[in-house]
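Residue-level structure breakdown
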Amino acid sequence: MSDAYIALADGRVLEARARAPGRTRGELVFTTAYTGYEESLTDPSYAEQILTFSYPLIGNYGVRSERFESESVQPRATIARELTDDVADWLADEDVPAVDHVDTREIVTTVREEGAMACGIAAGPDATPEDAVEEMEACEPMSDHVDIGAQVSVSEPIVREGGGAADVALLDCGAKGSIISSLIERGADVHILPYDATPEDVADVDPDVLFVSNGPGDPENFVAAQEVVDAFAGDLPMAGICLGQQVITSALGGSTEKMAFGHRGVNQPVKDLRTDKVVMTTQNHGYTVDDTGPLEVTQVNVNDDTVEGLDSEELDVITRQYHPEANPGPHDSLGFFDEVLDLAQSQPRVAAD
Ligand SMILES: NC(=O)CC[C@H](N)C(=O)O
């Protein structure tokens, strides 16, 4: 007898073992990362998703809060082939359902073939297949989570001082901690603003650069952030990572689209079109830029040619779809933050229109 069930939108119900009890639902996605489970599980961009690890053993070097990217576990549930007790206990303490002893290869193949899909989970002694199906049927499409930013952003501005080398206004759409620390380590003072900050809030900071963070869900729902970008376009240098790239591009007249199953892992090859150099990158996204508007493509994904980097010399914009902060993952692209600081330090200050 199983004590956990996973209901998929294609009608199947898989049996599993409960490691952290509960019922929940979310968009089913997978990551191919073989290390960095603490960073992935605390990455706010996984809000409203159920995260499957394709690597079969998760948790073999314990759980340490120094490696967390935010204060809580962010996916709604976790699926793995085998979870160690350390990870299972952590997820149970955080009330995040977790299941293992399931054929994750089959789940990954399904998502690759049919796309990210609605999923329901029921785990624990009283769980039934019907409970999981009920959860799956109540799962909303990601784009219906219109105010997802409220779940992951600061509610009040916070200043983190790094030495005064530059003032960065960071729109916190669900920022990973290591994006903020990467800026602080380079001497920047980071003014962390809520995801729904107004152009006036940004002007009050008098920043050298506007930075739009990563974040969960559909970038088209981050309307306030797009309005801020629109208000300062051409007057203030801008940078963004992942959702930040998507929000900046949409605000400047481009657009985004949903991918079939996205990119989630730590070995995504990215080619810089100016240098022809290929680097390995960390990624976690389900949307991509399909129309770059006024921005120029500087980097592409080697596997599928999707846009990985954009810039505009005229507008002083530089963005990345992948995660240069590299937690988890390779450090190949950390230089992005030096470029952001250069951009900030090269500009005279201006006020909003
Ligand atoms: N990591 C991110 O910022 C993800 C951005 C967006 N939510 C996507 O899935 O594409």
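Within any chain, residue numbers begin from 1 and follow the written order of that chain's sequence. Only residues with pLDDT of 70 or above have their local features reported here, since the model is predicted, and side-chain atom pairs are shown and tallied only from 80 upward, although totals for entire chains, interfaces and linings are computed over all residues. Hydrogens and water are ignored here; the side-chain numbers use all heavy atoms of the structure.

1. Considering the UniProt feature "active site" (unreviewed entry) in the protein chain
Test applied: UniProt positions are given in the numbering used here, feature names are shortened, and annotations may be inferred rather than shown by experiment. Every helix listed is a DSSP run of H or I at least four residues long, and every strand listed is a run of E at least two residues long, numbered separately from the N terminus. We call a residue buried when its accessible area falls under 20% of the maximum for its residue type, exposed when it is over 50%, and partly exposed in between, using a 1.4 Å probe and counting protein chains only.
When the UniProt feature table is mapped onto this chain, "active site" (unreviewed entry) is found at C242, H323 and E325. Spanning 84 residues, the named residues form one tight spatial group whose C-alpha atoms are at most 11.3 Å apart. With respect to the helices and strands, H323 occurs in the loop between β19 (317–320) and α10 (336–345). Residue classification places H323 among the buried residues on the basis of a relative accessible area of 1%.

2. Topic: the domain arrangement of the protein chain
We apply this condition: A domain assignment, automatic or from a database, supplies the domain bounds used here. Note on contacts: a residue pair qualifies if any of its non-hydrogen atoms lie within 4.5 Å across the two residues. As used here, buried area is the combined drop in accessible area, with a 1.4 Å probe, of two parts when they are placed together. Salt bridge criterion: a side-chain nitrogen from Lys or Arg within 4 Å of a carboxyl oxygen from Asp or Glu.
On domain assignment, one finds that the protein chain holds domain 1 (4–140) and domain 2 (149–345). Spacing between the C-alpha centres of domain 1 and domain 2 amounts to 27 Å. Residue-level contacts link 24 residues of domain 1 with 20 residues of domain 2. The junction of domain 1 with domain 2 conceals about 1,800 Å² of combined surface from both sides, 50% of it contributed by carbon and sulfur atoms. A per-residue breakdown of the area domain 1 buries against domain 2 is headed by P44, S45 and E69, which together make up 30% of the total. Put simply, domain 1 and domain 2 have 1 salt bridge between them.

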